[in-house]
Amino acid sequence: MDGSSSNNSIEDCVFSNNTSTTAGGAIYLFKPGYLTIVRCTFYNNNALDGSAIYYEETDLLKTLTLNSISFDQNVAWENGAALFIDGSSKTIIEYCNFTNNSILQNDQNLGSVLFLNNPGNISITFSNFENNEGILGACIYYSETSNTF
Amino acid sequence: MKAFSERAFITQKQVILFKNLKLKILDDNAFMNLTKNSFKNNSALLGGGVIYFKNKLLAESPYETNIFTENTAYFANDFFTFPVRLQVTDNQSFYSWINKSTYSLSVTPAITETSLYFSVVDYYGQTIKSMNGRFFLFIYFIKSILAILLWNLNPFISLMYKIV
């Protein structure tokens, strides 16, 4: 999905039993602009990274909003069982449920349900994380590479 | 990382407080807000039963408003690993960076120059990595408003540190 100048929305959808051998088992977002995903369910999706959603956006002014989303039983082979965020835009996660998501466990994985790689401002509010399994950070893996000398 | 001295008006001859020396972390404008979430029965094979920070600088602590219940990890903290923070050391004493954008340094009038050394430390103050070189801080004592105005016309001390 590429909509760098658009205001996009995905509403009232169910994404289940999808598989990607690379990134984004259900949705791969590449610079989607302003995107809002509301009242959707991501169930039993699989991918290498970002089993439900892989999101890449470097524009600080762009915003991804996830509202009232259910992420259940998604599995990543490496990172981001539910969501992989790569970039520095703004992300708002509110009223979401992350349940029973997991990472395949081996020595190469970092894991976590939410994998945040150099994210911009991120807000997670009124959300529930329950029975998730990861390698480093069962729920959230937050990585920055800029603050070492 | 960009280190620079902020304008500071020093008018007293006693022990003074030098404020507003700022250290700006380039590309670290990210703010993470966690508020009113529930984390229950999550487990990490290694560290961070809920959140694992890698190289995240210490920021505000929004964790008080979240609920953590029976999360587990093999090492580190069951709830979250602590972000790292910047530490600065000068010629006279030891300082830690509490607020990542503001730093206070106490000096005496006799001192006109000092050096600051920066390093990234973990939550317990153990050094993760030190920055090569040092940041020279020149301290001016200004006695009048005119001097302050003249001083304002001069460029203030600026040094750039590129971090990778």
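Structural notes, computed from the coordinates.

Criteria and cut-off values
Residues numbered from 1 in each chain as written. Chains lettered and ligands numbered in written order. Predicted model: local features only at pLDDT ≥ 70, side-chain atom pairs only at ≥ 80, totals over all residues. Heavy atoms only, no water. Core = buried A, V, L, I, M, F, W, Y, C linked by side-chain atoms within 4.5 Å. Buried < 20%, exposed > 50% of the residue type's maximum accessible area, 1.4 Å probe, protein only. Contact = heavy atoms within 4.5 Å. Pairing = 2+ DSSP bridges. Helix = DSSP H or I, 4+ residues; strand = E, 2+ residues; numbered from the N terminus. Axes fitted to C-alpha atoms, helices over the stretch in contact; angles between N-to-C directions. Disulfide = S-S within 2.5 Å. Phe/Tyr/Trp six-rings, centres within 6.5 Å; stacked < 30°, edge-to-face > 60°.

**Observations concerning the nonpolar core**
So, step 1. Among the nonpolar cores identified, the biggest contains 38 residues, and I53(A) and L66(A) are the most heavily contacted of them.
So, step 2. In contact with L66(A), other than residues within four places in its own chain, are I37(A), I53(A), F71(A), L83(A), I92(A), I93(A), E94(A) and C96(A).
So, step 3. In terms of nonpolar packing, the next biggest core, distinct from the first, is built from 7 residues, Y54(A), F84(A), F115(A) and Y52(B) among them.

**Notes on the sheet that holds strand β3 (residues 27–30) of chain A**
Backbone-to-backbone hydrogen bonds join strands into a sheet, with any given pair of strands oriented parallel or antiparallel.
So, step 1. Ordered by their spatial adjacency, 6 strands build an open sheet running β3(A)-β7(A)-β11(A)-β15(A)-β19(A)-β6(B), and the pairing between neighbours is parallel. Each edge of the sheet is formed by a strand with only one pairing partner; in this case those strands are β3 of chain A together with β6 (51–54) of chain B. Each strand axis lies, on average, 5° off the axis of its neighbour in the sheet, ignoring direction.

**A short note on the sheet that holds strand β8 (residues 72–75) of chain B**
So, step 1. Strand order in the open sheet formed by 3 strands is β18(A)-β5(B)-β8(B), and the pairing between neighbours is parallel. Since the sheet does not close on itself, it has two edges, and those belong to β18 (133–134) of chain A together with β8 of chain B, each with one partner.
So, step 2. Looking at chain direction, β18(A) and strand β5 (residues 43–47) of chain B are connected through 2 bridges and run parallel. Of the residues in β5(B), the one forming a bridge with G134(A) is A44(B).

**Description of the environment of I10(A)**
Residue and element names in this part refer to chain A.
So, step 1. Residue position: I10 is located in strand β1 (residues 7–11).
So, step 2. The exposure class assigned to I10 is buried, which follows from its relative accessible area of 13%.
So, step 3. Each C-alpha atom, one on I10 and one on N109, is 30 Å from the other, the two residues being 99 residues apart in sequence.

**Thoughts on the state of the cysteines**
All names here are of chain A.
So, step 1. Under the criterion given, the structure shown has 0 disulfides over all chains.
So, step 2. Here C13 is not disulfide-linked; the sulfur of C40 is the nearest cysteine sulfur, at 4.6 Å.
So, step 3. Note on C13: relative accessible area 27%, which makes it partly exposed.
So, step 4. Here C96 is not cross-linked by a disulfide; its sulfur's nearest cysteine counterpart is in C40, at 9.9 Å.

**Points about the packing of aromatic side chains**
Each aromatic ring pair is specified by the distance between its two centres and by the angle formed by the two planes.
So, step 1. Tallied over the entire structure, the rule returns 13 aromatic pairs over all chains.
So, step 2. A ring pair is formed by Y28(A) and Y54(A), whose centres lie 5.0 Å apart and whose planes are at 5°; its orientation type is stacked. Separated by 26 residues along the polypeptide, Y28(A) in strand β3 and Y54(A) in strand β7 (residues 53–57) bring together distant segments of the chain.
So, step 3. Look at Y54(A) and you get buried, because its relative accessible area is 10%.
So, step 4. Taken together, the ring pairs connect F15(A), F42(A), F71(A), F98(A), F129(A), F39(B) and F68(B) into an aromatic cluster.

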